[in-house]
Amino acid sequence: WMLEELGVTYEHDTVSMPRSNGSRKSHPLGKIPSLVINDGEFSIYESAAINSFLGRQYGSSLVPATDPFLLALYDQTILCLMAEMDAQGLWIHRKHEALAGLFGEAPVAVKHAKNQFDQVNKALCNQLNPFLLGAEFSAADILYVHCLDWAEAIGWGEAWVEGSDTNEKDSEMKMKLKDYLEKCRSRPAYQKTMEKRSQEREIAKKNKE
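Computed from a predicted structure; not experimentally measured.

### Some points on the overall build of the chain
Part 1 of the argument: In terms of regular secondary structure, the chain is built from 9 helices and 2 strands.
Part 2 of the argument: Beginning at the N terminus, the succession of helices and strands in the chain can be written as α-α-β-β-α-α-α-α-α-α-α.
Part 3 of the argument: At 18 Å, the chain has a C-alpha radius of gyration in line with the 17 Å of a compact globule built from 209 residues.
Part 4 of the argument: When the backbone C-alpha atoms are referred to their principal axes, the chain occupies close to 55 × 45 × 30 Å.
Part 5 of the argument: Counting all 209 residues of the chain, 37% fall into the buried class.
Part 6 of the argument: A separation threshold of at least 6 residues defines the contact pool for the chain, and within that pool the share at least 24 residues apart is 59%.
Part 7 of the argument: Of the roughly 12,800 Å² of accessible surface on the chain, a fraction of 52% belongs to carbon and sulfur atoms.
Part 8 of the argument: Treating the 24 positive side-chain charges of the chain as one cloud and the 30 negative ones as another, the clouds have centres 4 Å apart.

This is the structure we're talking about:
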């Protein structure tokens, strides 16, 4: 998505899977994604680091450049997203439910991970004005929407999904998140990214048949 926002030409490697020889070339733990430049002349991993690098490399306003206070808020927000929402929430679910055959089932851990996600989501929702850094969309919003898309896919989106049960206290948060997601998901770069992802899945499905 970040690359689409920047209008940078890129090639998406759909072959190298996690822990494969291909992914280990650019990530010592064999994880994805990684950004590889000039056939391996330079590579960087971790989504937040990749987006920050790209924003600075291409001089984009998606990553704060000069305002120290806005940059501090950006750093705080992306670290919170990666450490508190992704690692301690969504990834725990993935390990112990989606990948339970590999890592083992841990229903208590998953329950606490859901609570962790909800708490962090409320804090980040309160930060929206209308975006995470204020009036302008940023690379932090790319990471946040990625996490919300992930949460929605695993059934953790009751705080904003239409038709889900919410009490009166949470209705304001639901509307705020709904409006925020509509703004972000209507961006041409997001829609182009989703279209490409859908096409790649169709190709992968056909190749398995």
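### Things to note about the packing of aromatic side chains
Part 1 of the argument: Inspection of the entire model under this criterion finds 7 aromatic pairs.
Part 2 of the argument: An angle of 35° between the planes, with centres 5.5 Å apart, marks the rings of Tyr 144 and Tyr 180 as tilted. Taken as a pair, Tyr 144 in helix 7 (residues 139-153) and Tyr 180 in helix 8 (residues 168-185) lie far apart in primary sequence, 36 residues in all. When sorted by exposure, Tyr 144 lands in the same class as Tyr 180, which is buried.
Part 3 of the argument: Through pairs of rings, three or more aromatic residues link up here, namely Trp 1, Phe 131, Phe 137, Tyr 144, Tyr 180 and Tyr 190.
Part 4 of the argument: Over the face of the ring belonging to Phe 103 we find Lys 95, whose NZ or CZ atom lies 5.0 Å from the ring centre.
Part 5 of the argument: Directly above the ring of Phe 137 sits Arg 187, whose terminal nitrogen or CZ lies 3.9 Å from the centroid.

### Some remarks on helix 9 (residues 188-208)
Count 3.6 residues to each turn of an α-helix, and residues three or four apart come out pointing the same way.
Part 1 of the argument: Between its first and last C-alpha atoms helix 9 spans 31 Å; for 21 residues at 1.5 Å apiece the expected length is 30 Å, and the two agree.
Part 2 of the argument: Among all positions of helix 9, only Ala 189, Tyr 190 and Thr 193 are buried. Down the axis, helix 9 shows its buried residues gathered within 100° of arc, on one side only. Facing away from the buried side of helix 9 by more than 90 degrees, the exposed set consists of Pro 188, Ile 203, Lys 205 and Lys 206.

### Some remarks on the environment of Phe 53
Part 1 of the argument: As for its position among the elements, Phe 53 is in helix 3 (residues 47-57).
Part 2 of the argument: Setting aside its immediate chain neighbours within four residues, Phe 53 contacts Leu 35, Ile 37, Phe 42 and Ile 44.

### Notes on the nonpolar core
Part 1 of the argument: Core analysis: the largest hydrophobic core is formed by 49 residues, its most contacted members being Leu 81, Met 85, Tyr 144, Leu 177 and Tyr 180.
Part 2 of the argument: Breaking this core down by element, the ones donating at least two residues are helix 1 (2-6), helix 3, helix 4 (68-98), helix 6 (107-127), helix 7, helix 8 and helix 9.
Part 3 of the argument: Per-element accounting of this core gives the leading share, 10 residues, to helix 7.
Part 4 of the argument: In this view, Tyr 180 contacts Leu 128, Pro 130, Phe 131, Leu 132, Asp 141, Tyr 144, Val 145 and Leu 148; residues no more than four positions away in its chain are not counted.

### Focus: unusual backbone geometry
Part 1 of the argument: Omega for the bond connecting Ile 32 with Pro 33 falls within 30 degrees of zero, at 10°, which places this linkage in the cis form.
Part 2 of the argument: Take Pro 33: it is sitting in the loop between helix 2 (21-24) and strand 1 (34-37).
Part 3 of the argument: Cis peptide bonds are those with omega within 30 degrees of zero, and the linkage from Asn 129 to Pro 130 qualifies with -10°.
Part 4 of the argument: Inspection of the secondary structure assignment puts Pro 130 in the loop between helix 6 and helix 7.
Part 5 of the argument: The phi dihedral of Arg 19 falls on the positive side, at around 70°, and the residue is not glycine.
Part 6 of the argument: One can find Arg 19 in the loop between helix 1 and helix 2.

Definitions and limits used
Residues numbered from 1 in each chain as written. Predicted model: local features only at pLDDT ≥ 70, side-chain atom pairs only at ≥ 80, totals over all residues. Heavy atoms only, no water. Helix = DSSP H or I, 4+ residues; strand = E, 2+ residues; numbered from the N terminus. Rg over C-alpha atoms; globule rule 2.2 N^0.38 Å. Buried < 20%, exposed > 50% of the residue type's maximum accessible area, 1.4 Å probe, protein only. Contact = heavy atoms within 4.5 Å. Areas by Shrake-Rupley, 256 points an atom, 1.4 Å probe, with all protein chains shown as cover. Lys, Arg positive; Asp, Glu negative; His and termini not counted. Charge placed at Lys NZ, Arg CZ, Asp CG, Glu CD. Phe/Tyr/Trp six-rings, centres within 6.5 Å; stacked < 30°, edge-to-face > 60°. Lys NZ or Arg CZ within 6 Å of the ring centre and 35° of its normal. Expected span 1.5 Å × (residues − 1). Arc of directions from axis to C-beta. Core = buried A, V, L, I, M, F, W, Y, C linked by side-chain atoms within 4.5 Å.

Fair warning: the whole summary comes from geometry, so function is off the table for now.
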